[in-house]
Amino acid sequence: MLRFFKILGILEGISFLGLLLITMPLKYFYDNPVPNQWLGMAHGVLFIAYVIVAVIVSRQLRWSFKTLVIVLICSVVPCGTFWMDAKYIEPHLK
C-alpha cells in the first residue's frame, strides 16, 4: 500500500503542477479550456484517491492526527506531495 501511495502522490503532484503551469495558462491566456477539463478531471480523481489512501496508510503506520493533517495539506500545496513522500513515505520503504 505504501508503494501505491507513493506513486499516487507523485501522479497527484504532477497533475496539480500540470494544471497550474500548463492548462490554466492555456485556458485563461489562449482561450483553450479543453486541456484544463481533461487534466482537471484526472486530477480530481487522483486527489480523491490520495485522500482515501492517505487515511488508510495513516492507520497502517499509526500516524498521529497531526501527521495525517499535514499529509492531507500537502495535497493542496504545489510540490507538497513530493515533500510528503520524502518525509513520510520513503523512510518506511527503506
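Rules used in this analysis
- Residues numbered from 1 in each chain as written.
- Predicted model: local features only at pLDDT ≥ 70, side-chain atom pairs only at ≥ 80, totals over all residues.
- Heavy atoms only, no water.
- Helix = DSSP H or I, 4+ residues; strand = E, 2+ residues; numbered from the N terminus.
- Buried < 20%, exposed > 50% of the residue type's maximum accessible area, 1.4 Å probe, protein only.
- Lys, Arg positive; Asp, Glu negative; His and termini not counted.
- Salt bridge = Lys/Arg side-chain N within 4 Å of Asp/Glu carboxyl O.
- Contact = heavy atoms within 4.5 Å.
- Phe/Tyr/Trp six-rings, centres within 6.5 Å; stacked < 30°, edge-to-face > 60°.
- Patch = residues over 30% accessible without salt bridge, like charges linked within 9 Å, V, L, I, M, F, W, Y side chains within 5 Å.
- Areas by Shrake-Rupley, 256 points an atom, 1.4 Å probe, with all protein chains shown as cover.
- Core = buried A, V, L, I, M, F, W, Y, C linked by side-chain atoms within 4.5 Å.

Asker: Before we go on, may I ask you to explain the side chain of glutamate 12 in this structure?
Answerer: Mapping glutamate 12 onto the fold places it in helix H1 (residues 2-29). Of the side chains bearing the opposite charge, lysine 6 lies closest to the buried glutamate 12, which forms no salt bridge; the N-O distance is 14 Å. In this structure glutamate 12 touches His43, Leu46, Phe47, Tyr50, Ser75 and Thr81, once residues within four positions along its chain are discounted.

Asker: Looking at this structure, how should I read the packing of aromatic side chains?
Answerer: Aromatic ring pairs are defined here through the distance separating the ring centres and the angle between the ring planes. Overall, the coordinates contain 3 aromatic pairs when judged by the stated rule. Where tryptophan 63 meets tyrosine 88, the ring centres are 6.0 Å apart and the plane angle is 65 degrees; that geometry is what we call edge-to-face. In this pair, tryptophan 63 is assigned in the loop between helix H2 (34-60) and helix H3 (65-73) and tyrosine 88 in helix H4 (residues 80-93), connecting sequence segments 25 residues apart. Classification of tyrosine 88 by relative accessible area gives buried; the value is 14%.

Asker: Got a minute to help me understand a nonpolar patch on the surface in this structure?
Answerer: A cluster of nonpolar side chains, namely Met1, Phe4, Ile48, Ile52 and Ile56, defines an oily patch on the protein surface of about 480 Å² accessible area. A total of 3 residues in the nonpolar patch trace back to one element, the largest contributor, which is H2. On the secondary structure map, isoleucine 48 appears in helix H2. Owing to a relative accessible area of 52%, isoleucine 48 belongs among the exposed residues under this scheme.

Asker: Can you help me understand the nonpolar core in this one?
Answerer: Nonpolar side chains in soluble globular proteins tend to be buried together. Formed by 15 residues in total, the largest nonpolar core has its most connected members in Phe5, Tyr50, Val57, Trp63, Val71, Met84 and Ile89. Contributions of two or more residues to this core are made by H1, H2, H3 and H4. With 5 residues, the top contributor of residues to this core is H2. With residues up to four places along the chain from it excluded, the contact list for phenylalanine 5 reads Tyr50, Val53, Ala54, Val57, Trp63, Val71, Met84 and Ile89.

Spatial relationships are all this shows, so hold off on functional conclusions.
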